[in-house]
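Geometric and topological summary
Chain by chain, the residues:
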Amino acid sequence: MADYDFDVLVIGSGPGGYVAAIRAAQLGLRTACVESRETLGGTCLNVGCIPSKALLHASEYFDAAANGTMAKMGIKVTPELDLPQMHAQRLDAVKQLTGGIAFLFKKNKVEWIKGRGAFVDAHTVQVGERAVTAKDIIIATGSTVTPLPGVTIDQKVIVDSTGALELERVPQHLVVIGGGVIGLELGSVWRRLGAKVTCIEFLDQILPGFDGEIRKESNKIFRKQGFEFLLSTKVTHVANDGQKATLTLEPAAGGEATTIEADCVLVSIGRRANTDGLALDAVGLATNTRGQVEIDHRFQTSVPGIWAIGDVVPGPMLAHKAEDEGIAVAENIAGQTGIVNHDVIPSVVYTWPEIAGVGLTEEAAREKGEIKVGKFPMLANSRAKTNHEPDGFVKIIADAKSDRVVGVWAIASVAGTMIAEAGLAMEFGATSEDIAYTCHAHPTHSEAIKEAAMAVRGKAIHV
Ligand code: FAD
Ligand code: NAI
């Protein structure tokens, strides 16, 4: 048998890669991870989930002080923005968490090989001067921003999500291209801090992929907060004079062009798999039409010994999905049976209120068969009402015959936390009756899940 430097070599240290590396090491495999960034943790920890949540959290407090929510509770304050400090606490969160991964690597004896990896053959990856060999190699190279043809990101006037996390001043007018998760989260940050925000979305509604009713209600809530949406609209040109941008817009269906000006433009029209410079052709691996690496249910590519997980493979581009795949692929490599249930992957938009869902949308569920739907408004939830958080609702979709829950959607201040219960219930094959007869602590937002489950059978108490 060939003598390899490592049993497992992971390329990329995002939530997919670092988790796979740690799990592989825990399973007794000699493991290394190649990462070209200065710090571990990938998009998520460096320029994604964590820094965006640091700004969302801080700006939420600012907004609560500025928009009268605090005054309603008897706290009179006039907030003053210290943007450098807001950024400093963001950078501190990133530093601590990326450092935490370096600590976990040391603790688990995972070697961090610094540099960019490129395949030489199915068991060799070149990193700088070093040719590293491994029996199994995991591609976990993640994703990068999808560019808008003809639009150059200068990270000053025209920014991507990374630039939008680092703005040195609050824009007067931020135009967001793309009404998806990044546009709504980062648009919310800068709106709360004082920017006028216009969001241009190609489709006829924001948040594609989410439940239809949730999309419509979210739009209404964001509009109430001051977001302006131009739906069914495409950006055909962006002129940048170094200080401001002039965007040319056209109705998606065709028609007369108009222009709008902005001192900052965020391009957030999606992300694409990152395989640049990996030399996949050296091992005979081709990407699919979307640029992704195809895998089987065990996360193995068409080349034996090469595996792939996370944003670089088909499926939702979410950190927790990548992490779960990281655990499963390591277990598969170690000869165990690693499984991820891709039907039960929660999605959360960390705006105010949060928007969350797991399983099928009502539209998709109806296409599959007969369903029953139960809804409960947050306005009727005692905790949400007491906390001045009246917006949103919980919706439970169950199969009409078996009563098995097939989808749960929520708009609520803490929907991201609430949705975990729904995921667990679905993982265990729960019926709406199971949830309805589970005792939920009072007063909690989660009682709205119980009430929505009761409403599936027409029996909610508090409406
Ligand atoms: P990544 O995290 O992208 O990591 C891949 C790593 O591989 C990178 O560090 C890269 O430098 C490295 N790499 C690539 N090629 C090579 C190479 N050839 N050699 C060496 N290293 C290489 N998801 C959520 O679930 N929740 C959120 O709240 C959330 N917020 C987000 C906010 C923003 C602004 C963005 C941009 C994304 C957010 N995401 C969120 C998505 C999440 O970040 C990704 O789904 C997740 O990071 C994917 O993990 P990954 O391990 O597949 O890849
Ligand atoms: P997205 O796919 O969520 O949204 C992109 C939006 O842009 C879509 O609504 C799309 O219709 C629209 N669009 C595409 N081309 C357009 C054009 N030319 N003009 C106008 N609109 C256009 O992508 P986004 O927001 O960039 O996020 C990328 C990924 O990062 C997502 O897949 C998401 O899963 C992940 N992410 C997750 C977060 C979370 O879990 N909270 C937070 C941020 C990102």
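Remember, predicted model here, so these are calculated numbers, not experimental data.

About the thresholds
Residues numbered from 1 in each chain as written. Chains lettered and ligands numbered in written order. Predicted model: local features only at pLDDT ≥ 70, side-chain atom pairs only at ≥ 80, totals over all residues. Heavy atoms only, no water. Pairing = 2+ DSSP bridges. Helix = DSSP H or I, 4+ residues; strand = E, 2+ residues; numbered from the N terminus. Contact = heavy atoms within 4.5 Å. Axes fitted to C-alpha atoms, helices over the stretch in contact; angles between N-to-C directions. Near = heavy atom within 4 Å. Polar contact = N/O pair within 3.5 Å; in protein donor to acceptor, adjacent residues only side chain to side chain. Nonpolar A, V, L, I, M, F, W, Y, C, P; charged D, E, K, R; others polar. Disulfide = S-S within 2.5 Å. Domains from an automatic or database assignment. Buried area = accessible area lost by both parts, 1.4 Å probe. Salt bridge = Lys/Arg side-chain N within 4 Å of Asp/Glu carboxyl O. Parallel < 35°, antiparallel > 145°, perpendicular 65-115°, else oblique. Left-handed = near helix turned anticlockwise from the far one by under 90°.

As for the sheet that holds strand β15 (residues 264–267)
The sheet built from five strands is open, its strands ordered β8-β15-β9-β10-β11 with parallel pairing. Taken across any chain shown, the strands that pair with only one partner, and hence form the sheet edges, are β8 (158–159) and β11 (228–230). Bridge count between strand β9 (residues 173–177) and β15: four bridges; the pairing is parallel. Within β15, the position partnered with I177 by the bridge is V267. Sitting on the sheet, helix α7 (residues 181–192) touches β9, β10 (196–200), β11 and β15, and the angle it makes with β9 is about 175 degrees.

As for the site of ligand 2
Lining the immediate environment of ligand 2, one finds 21 residues, of which I182, E185, E201, G270 and V348 sit closest. The backbone of V181 places a nitrogen or oxygen atom 3.3 Å from an oxygen atom of ligand 2. I182 is positioned with one of its backbone polar atoms (N or O) 2.9 Å from an oxygen atom of ligand 2. A total of three residues in the shell around ligand 2 trace back to one element, the largest contributor, which is α7. Taken together, the residues of the shell around ligand 2 break down into 13 nonpolar, five polar and three charged.

Regarding the state of the cysteines
Going through the model one piece at a time under the given rule, you end up with zero disulfides. Unpaired in this structure, C199 has its nearest cysteine sulfur neighbour in C264, at a distance of 13 Å.

Concerning the domain arrangement of the protein chain
It is common to give the size of an interface as the accessible area lost on bringing the parts into contact. The assigned domain composition of the protein chain is domain 1 (6–144 + 272–333), domain 2 (158–269) and domain 3 (347–455). Each of domain 1 and domain 2 has a C-alpha centre, and these two points are 27 Å apart. In this complex, domain 1 contributes 15 residues to the contact, which on the side of domain 2 involves 15 residues. Taking both sides of the interface into account, the surface hidden between domain 1 and domain 2 amounts to around 1,300 Å²; carbon and sulfur atoms contribute 66%. The largest contributions to the domain 1 side of the interface with domain 2 come from V47, L56 and L83, which together make up 33% of the buried area. Viewed at the interface, domain 2 and domain 1 are joined by two salt bridges. Linking domain 1 with domain 2 are seven residue pairs in polar contact (both at pLDDT 80 or more). Within the residue set of the side of domain 1 that touches domain 2, elements represented by two or more residues are α3 (49–66) and α5 (83–107).

Structural notes on the packing of helix α1 (residues 15–26) against helix α9 (residues 319–333)
The N-to-C vectors of α1 and α9 enclose an angle of 30 degrees; their axes lie 7 Å apart at closest approach. Here α1 lies roughly parallel to α9, going by the angle between them. As for the relative orientation of α1 and α9, their crossing is right-handed in sense. Here P15, G16, V19, A20, R23 and A24 of α1 lie close against α9, whose contacting residues are A319, A322, E323, G326, I327, V329, A330 and E331. Residue composition of the contact of α1 with α9, grouped by class: nine nonpolar, two polar and three charged.

Section: the packing of α1 against α5
Relative to each other, α1 and α5 sit at 20 degrees, their axes nearing to 10 Å. When the axis of α1 is compared with that of α5, the two are roughly parallel. Regarding α1 and α5, the two cross each other, and that crossing is left-handed. Residue-level inspection shows Y18, A21 and I22 of α1 in contact with α5, the latter providing I101, L104 and F105.

Quick notes on the environment of M70
With respect to the helices and strands, the residue M70 is situated in helix α4 (residues 69–72). For M70 and A262, which are 192 residues apart along the polypeptide, the C-alpha to C-alpha distance reads 31 Å.

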